[in-house]
Amino acid sequence: MEYIEITQRLQKVYDTGEARALARMVLEERFGMSLTDIMCGKVTELSREECSELEKIIVRLEKNEPIQYILGYAAFCGKTFHVAPGALIPRPETEEVVAEAYRMAQECSEGEVMRILDVGTGSGCIAISLALMAREDGKLAEVTAWDISREALAVAMKNNVALGAGVAFEEADILKKAGALEIRKHSEETDTSGKQSPADESRLTLIVSNPPYICHKEKKDMERNVLDYEPHCALFVPDDDPLLFYRNIARYALHTLKGGGGVVFEINRAYGKEVCTMLESMGFSETKVLNDQYGNKRIVTARKI
């Protein structure tokens, strides 16, 4: 099999530039070839076993399977993360969420330990990157990360061990957590015994989240490599309640963030204004919508008064 044959097969599914990029990535990453090797025809020198493996990879690509799942890893914030079906593939634009979250965590911690919670952690890329950034800067950070999916947590914990990040991962559902905290607060507010309320336990510096935010009505505009392979529980939110996760994370944040603590959300670009309005109505201040490198509304930040 020759390089030109590989690209021709992939061009039936991808545009010419992407087909060539995928072919080169496979040959470079899986078979250790340089661009010079590829251009000089070294592909024809692969062993029978290697040709068999290459054929299997091409077939998977022809079915629109993401290259990251095929190779088993993705680059994010300068590190290599293990990825597998069951956890979203880390994306470059989410690196900007990490950068903003780290900036805000430092600002909100005022030199104290940064206590950070990542809700809906997936592969763990956000939480792990924040923990590693703090360590590299010589800062103290306690990072906890939640996900409802055991498959995603297995991926995240593998990355945590491989990168030595020291993040505490937990199986948790933010919708249940927020609801339980509201019930507890109401109960303690009506209790005359003098017990402390959840508000007295507030200690988190920052809550960051890239929650499900794609409405089901948007499926028709999605690429097959996302729609057919990445976990729907991490992608979609009800059409009639697009702010479901933001609202519940914010409810939880009101009780667990310290005064001046922050929230950082990755958002659906169609709902930046709505997310800010919701946060302001709940009592958060300094709400902002930030664009990503492509000019899309990507991040919302706010602070607890």
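Look a little higher up for the structure.
Residues numbered from 1 in each chain as written. Predicted model: local features only at pLDDT ≥ 70, side-chain atom pairs only at ≥ 80, totals over all residues. Heavy atoms only, no water.

It is worth spelling out the state of the cysteines at this point. Enumeration over the complete set of coordinates arrives at zero disulfides. Summary of cysteine pairing: cysteine 77 is not part of a disulfide, and the nearest cysteine sulfur, belonging to cysteine 125, is at 7.5 Å. In this structure cysteine 77 comes out as partly exposed when scored by relative accessible area, which is 27%. (Disulfide = S-S within 2.5 Å. Buried < 20%, exposed > 50% of the residue type's maximum accessible area, 1.4 Å probe, protein only.)

So, on to the sheet that holds strand 10 (residues 284-291). Strand order in the open sheet formed by seven strands is 5-4-3-6-9-11-10, with mixed pairing between adjacent strands. Each edge of the open sheet carries a strand with a single partner, namely strand 5 (168-171) and strand 10. Shown here is a sheet whose adjacent strand axes are inclined to one another by a mean of 15°, direction ignored. Pairing geometry for strand 4 (residues 141-147) and strand 5, over four bridges, is parallel. When the bridges of strand 5 are listed, tryptophan 146 appears paired with glutamate 170. Here helix 6 (residues 92-109) sits on the sheet and contacts strand 3 (114-119), strand 6 (204-209), strand 9 (257-266), strand 10 and strand 11 (297-304); the angle it forms with strand 9, its principal contact strand, is near 175°. Strands strand 3, strand 4, strand 6, strand 9, strand 10 and strand 11 of the sheet are contacted by helix 11 (residues 244-256), whose axis makes an angle of about 160° with strand 9. (Pairing = 2+ DSSP bridges. Helix = DSSP H or I, 4+ residues; strand = E, 2+ residues; numbered from the N terminus. Axes fitted to C-alpha atoms, helices over the stretch in contact; angles between N-to-C directions. Contact = heavy atoms within 4.5 Å.)

Let us look at the environment of glycine 86. Mapped onto the secondary structure, glycine 86 falls in the loop between strand 2 (79-82) and helix 6. For the pair glycine 86 and cysteine 233, spaced 147 residues apart in the sequence, the C-alpha separation amounts to 9.1 Å. Discounting chain neighbours no more than four positions away, the residues touching glycine 86 are Tyr69, Ser149, Glu151, Ala152 and Pro231.

The next subject is the packing of aromatic side chains. Taken as a whole, this structure holds three aromatic pairs when the rule is applied. On the basis of an interplanar angle of 85° and a centroid distance of 5.9 Å, the ring pair of phenylalanine 76 and phenylalanine 81 is categorised as edge-to-face. The buried category is assigned to phenylalanine 81, whose relative accessible area is 1%. (Phe/Tyr/Trp six-rings, centres within 6.5 Å; stacked < 30°, edge-to-face > 60°.)

For the rest of this paragraph, the subject is the pattern of salt bridges. Within this structure, the stated rule accounts for 18 salt bridges. Lysine 42 is the salt-bridge partner of aspartate 37, the closest N and O atoms lying 3.7 Å from each other. Using a relative accessible area of 22% as the deciding quantity, one classes aspartate 37 as partly exposed. Its salt-bridge partner being glutamate 65, residue arginine 60 comes within 2.6 Å of it at the nearest N-O pair. Accessibility expressed as a relative area gives 32% for arginine 60, which makes it partly exposed. Note on glutamate 65: relative accessible area 12%, which makes it buried. Among the charged side chains, a network of salt bridges with common partners joins Glu100, Arg103, Glu107 and Arg303. (Salt bridge = Lys/Arg side-chain N within 4 Å of Asp/Glu carboxyl O.)

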